[in-house]
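# Architecture and fold: a report
Chain residues, written in single-letter form:
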Amino acid sequence: MRVRELFLATAFAVLGSVAAAATQPPSFLIEADDGVAGDLFGSSLAFSQYGLVVGAPGANSSHGAAYLFAGPESQIKLDPGDLGAGARFGSSVAIYGSVAVVGAIGSGGVYIFDVETGSLIDKFEDGLEVGIGTSVAVSENLVLFGAPESGDPLDPTGGSVYVTSLDGTFFGLAAPDDGTVGDGFGASVASNGYAFIVGAPGVDAAYIFAEHTVEQFYKLTPGDTEDNSVGFGRSVALSDFSADPSASPTAIVGASGSAYLFDLVTGEQIAKLTVADNPDLVVYDVAILGDTAFVADYSDDNGTGTVYVFDVVTGEQVFKLTGPDAAVGALFGSSLAATDNFLLVGSSGRNSDTGAVYLYGAGGEVPLPASVWLLGSAFVLLGLRRRRAGARA
């Protein structure tokens, strides 16, 4: 089938599926060309209008790998080349513009790549910072990477987040005003170009910083002390104004049993997201797109995994997603990314831990503008090894 024919067929198939009432959004399956059992492809992922980067930290005896999908028939395997077994390269990933960032939590390193060529631009390694690269984020100006297991060696008061400018003119450290040993500060991090948020699940907190000054704005804590707030800060996300300029400035923070929404301007909690039919919910990842929030629990239903979708305005659950070829141990919801009206969901346990990523149209049954669907359909053609979901288990 020619590209144009496949493009049109994909677009009409997507639009037709969305028009059907009470159905899950359509999905496409993305896999690594050289994927094998144990790779854990989809453990981490990040998506922007420039491409998709997916981590496979279990590849090659946990040496790890990351894959960049950035153009027609383009699947680039990223590898810094100097890491050994157990490095877990690909344990965290981020992408913005022409830059992709990959963390290697096992060896303690962060690596910056050129999206167009896949070549290594820069790297940061520090054996003193246990856990460096646990989390990474990148915006137009800054690269951020967390080291939650220890802080500055000269002042070991807790975790920290390294902040460096893409042009190399700035390098600093973000730490909370009240940091303590074991706070886990840096376990998660996200940025939207104006502010960044850092999770500290060891003390059930998250912190908002101004990106241009790296100064702390707010400390976020859950408005309750119930068991479902334990681990608050293990996952974080911010509304992306570049993807949706009309989006409310909102932060979402995951915990055990629930997720919480905060007003990014005031720091006040605006909603608590819970799932009535899953009292054992554990929020491993979160994402937010406009007025829609996504909460992932890959441990749900014996590791089959579920992604819950909420209305940000009302705080109510709208529907839930399960893997189209759901199976015990698939770990659907291992990772999430939402941008440009599309949702990507990692399923790192699929097919004996080979792993895969699913691409959805965000918004479920609500029809999106045709231009958005065409963008998504075109992205599906960007060299991804893909099949319609459910075609093969």
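See the structure above.
To keep things clear, this report deals only with the structure shown in the data block. (Residues numbered from 1 in each chain as written. Predicted model: local features only at pLDDT ≥ 70, side-chain atom pairs only at ≥ 80, totals over all residues. Heavy atoms only, no water.)

### Overview of the pairing of strand β28 (residues 356-361)
It is a general feature of regular strands that their side chains alternate between the two faces of the sheet. Across the six residues that make up β28, a large majority, six, are buried. Side chains Ala356, Tyr358 and Tyr360 of β28 all project onto a buried face; the interleaved residues Val357, Leu359 and Gly361 project onto the opposite face, where all are buried too. Direction of pairing for strand β27 (residues 342-347) relative to β28: antiparallel, over a ladder of six bridges. Looking at β28, one finds that Leu343 is bridged to Tyr360. (Buried < 20%, exposed > 50% of the residue type's maximum accessible area, 1.4 Å probe, protein only. Helix = DSSP H or I, 4+ residues; strand = E, 2+ residues; numbered from the N terminus. Pairing = 2+ DSSP bridges.)

### Here we look at the nonpolar core
Judged by nonpolar contacts, the single largest core of 18 residues is most densely connected at Phe41 and Leu344. Those elements that provide at least two residues to this core are β1 (27-31), β2 (44-48), β3 (51-56), β4 (65-71), β27 and β28. When neighbours within four sequence positions are excluded, Leu344 is seen to be in contact with Ile30, Leu45, Phe47, Leu52, Ser335, Leu336, Ala337, Val357, Tyr358 and Leu359. (Core = buried A, V, L, I, M, F, W, Y, C linked by side-chain atoms within 4.5 Å. Contact = heavy atoms within 4.5 Å.)

### Details of the packing of aromatic side chains
Scanning all chains against the criterion turns up 16 aromatic pairs. For the pair Phe217 and Tyr218, a centre-to-centre distance of 6.1 Å together with 50° between the ring planes defines the contact as tilted. On the basis of relative accessibility, which here comes to 27%, the residue Tyr218 falls in the partly exposed class. Between Phe332 and Tyr360, the ring centres sit 6.4 Å apart and the planes meet at 75°, which makes this aromatic pair edge-to-face. Here Tyr360 lies in strand β28 and Phe332 lies in strand β26 (residues 332-339), a separation of 28 residues in the sequence. Members of the aromatic cluster, connected to one another through ring pairs, are Phe124, Phe145, Tyr162 and Phe171. We note Arg234 situated over the ring of Tyr284; from NZ or CZ to the ring centre the distance is 6.0 Å. (Phe/Tyr/Trp six-rings, centres within 6.5 Å; stacked < 30°, edge-to-face > 60°. Lys NZ or Arg CZ within 6 Å of the ring centre and 35° of its normal.)

### Examining the environment of Ser334
Along the chain, the position of Ser334 falls in strand β26. A relative accessible area of 12% means that Ser334 is categorised as buried. Counting along the chain gives 12 residues from Ser334 to Gly346, while the straight-line C-alpha distance between them is 5.1 Å. Once residues lying within four places of it in the same chain are set aside, the contact partners of Ser334 are Gly42, Ser43, Tyr298, Gly346, Ser347 and Ser348.

### Let's talk about unusual backbone geometry
One non-glycine residue, Asp204, lies in the positive phi region at around 55°. Here Asp204 is to be found in the loop between β15 (195-200) and β16 (205-210). Its identity as a non-glycine residue notwithstanding, Leu331 has a phi of 55°, on the positive side. Take Leu331: it is sitting in the loop between β25 (317-321) and β26. Looking at Leu331, the relative accessible area reads 22%, which means it is partly exposed.

### With respect to the sheet that holds strand β21 (residues 269-273)
Whenever strands of a sheet pair, they do so through backbone hydrogen bonds, lying parallel or antiparallel. Taking strand neighbours across the sheet as the criterion, the four strands line up as β18-β19-β20-β21 in an open arrangement whose pairing is antiparallel. In this open sheet, the two strands that pair with only one neighbour each are β18 (235-238) and β21. On average, each strand axis in the sheet is tilted by 15° relative to the strand beside it, whichever way the strands run. Where strand β20 (residues 259-263) meets β21, four bridges bridge the pair, whose relative direction is antiparallel. Of the residues in β21, the one forming a bridge with Phe262 is Gln269. (Axes fitted to C-alpha atoms, helices over the stretch in contact; angles between N-to-C directions.)

### Focus: the pattern of salt bridges
Two side chains bearing opposite charge may form a pair once their charged atoms approach each other closely. Taken as a whole and assessed by the stated rule, the structure comprises five salt bridges. Note that Lys272 and Asp224 form a salt bridge whose closest N and O atoms lie 2.8 Å from each other. Linking Lys272 in strand β21 with Asp224 in the loop between β17 (216-220) and β18, this pair joins segments that are 48 residues apart in sequence. The exposure class of Asp224 is buried, given its relative accessible area of 15%. Among the salt bridges present, the one from Asp277 reaches Lys320, with a minimum N-O distance of 3.5 Å. Here Asp277 is found in the loop between β21 and β22 (285-289), whereas its partner Lys320 is found in strand β25, with 43 residues between them in sequence. Accessibility expressed as a relative area gives 53% for Asp277, which makes it exposed. (Salt bridge = Lys/Arg side-chain N within 4 Å of Asp/Glu carboxyl O.)

### Thoughts on the sheet that holds β17
With antiparallel pairing, the four strands of this open sheet are ordered in space as β14-β15-β16-β17. Two strands lie at the open edges of the sheet, namely β14 (188-191) and β17, each paired on one side alone. On average, adjacent strands in this sheet sit at an angle of 15° to one another, irrespective of strand direction. In this sheet, β15 lies alongside β14 in antiparallel orientation, the contact comprising four bridges. Of the residues in β15, the one forming a bridge with Ala190 is Ile197.

Purely geometric numbers; function is a separate question.
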